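Structure assessment
Here's the letter readout for the chains.
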Amino acid sequence: MDRETYQRGLEVRSAVLGEAYVNKALADADDFSKPLQDLVTEYCWGAVWGREELPRKTRSMLNLAMIPILNRPNELRTHIKAALTNGVTRDEIREIFLQVAIYAGVPTAVDSFRLAREVFAELDER
């Protein structure tokens, strides 16, 4: 493991997803799941999200377009919140999911809209 890339990944991951989320993910890791947490932190968040060639807002928008297609609602929920943290507006999220409807199917977009509304409601309650 490259410690510098891992550390950069930890910083980016915490900034995008929130320190509480990351601390819980790392604390909940056991001998079985810790290697995955290390991989995600180093490669996903350090080696890719840590690059400067795309702004975080753009990376979030890309994730919002790809994750629904993969049918990963838990990850989508996390990345809707992250996108808002990275400056993606609710209107932009709507437009991304409309684009998903055309290229990945209406049912995929319907689920994405439903999940986004749940996330927005949770955030509005706070």
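Residues numbered from 1 in each chain as written. Predicted model: local features only at pLDDT ≥ 70, side-chain atom pairs only at ≥ 80, totals over all residues. Heavy atoms only, no water.

- If you check an unreviewed UniProt entry, the protein appears there as 4-carboxymuconolactone decarboxylase from Mycobacterium conspicuum.

Some details on the pattern of salt bridges
- Taken as a whole, this structure holds eleven salt bridges when the rule is applied.
- Taking the shortest distance from any N to any O, the salt bridge between Lys81 and Glu122 comes out at 3.7 Å. In this pair, Lys81 is assigned in helix H5 (residues 73–85) and Glu122 in helix H7 (residues 106–125), connecting sequence segments 41 residues apart.
- The class of Glu122 is partly exposed, set by a relative accessible area of 32%. (Salt bridge = Lys/Arg side-chain N within 4 Å of Asp/Glu carboxyl O. Helix = DSSP H or I, 4+ residues; strand = E, 2+ residues; numbered from the N terminus. Buried < 20%, exposed > 50% of the residue type's maximum accessible area, 1.4 Å probe, protein only.)

What to know about the environment of Arg51
- Relative to the helices and strands, Arg51 resides in the loop between helix H3 (34–48) and helix H4 (56–66).
- For Arg51, a relative accessible area of 45% translates into the label partly exposed.
- Measuring from C-alpha to C-alpha, the distance between Arg51 and Gly9 comes to 10.0 Å, with 42 residues separating the pair along the chain.
- Residues contacting Arg51, with those up to four places away along its chain left out, are Gly46 and Arg59. (Contact = heavy atoms within 4.5 Å.)

Description of the side chain of Asn63
- Assignment of secondary structure puts Asn63 in helix H4.
- For Asn63, the contacting residues outside a window of four places in its chain are Trp49, Pro68 and His79.

Considering the packing of helix H1 (residues 3–17) against H5
- At their nearest, the axes of H1 and H5 sit 8 Å apart, and the two run at 90° to each other. Judged by the inter-axis angle, H1 sits roughly perpendicular to H5. Facing H1, whose interface residues are Ala15, Val16 and Leu17, H5 presents Thr78, Ala82 and Thr85.
- Broken down by class, the residue content of the contact of H1 with H5 amounts to four nonpolar, two polar and no charged. (Axes fitted to C-alpha atoms, helices over the stretch in contact; angles between N-to-C directions. Parallel < 35°, antiparallel > 145°, perpendicular 65-115°, else oblique. Nonpolar A, V, L, I, M, F, W, Y, C, P; charged D, E, K, R; others polar.)

Section: the domain arrangement of the protein
- Here the domain parsing of the protein yields domain 1 (3–48) and domain 2 (56–125).
- Here domain 1 and domain 2 have C-alpha centroids that lie 22 Å from each other.
- At the interface, seven residues of domain 1 touch seven residues of domain 2.
- The contact between domain 1 and domain 2 buries some 580 Å² in all, and 58% of this surface belongs to carbon and sulfur atoms.
- Taken together, the links from domain 1 to domain 2 amount to zero salt bridges.
- Where domain 1 packs against domain 2, one counts one residue pair in polar contact (both at pLDDT 80 or more). (Domains from an automatic or database assignment. Buried area = accessible area lost by both parts, 1.4 Å probe. Polar contact = N/O pair within 3.5 Å; in protein donor to acceptor, adjacent residues only side chain to side chain.)

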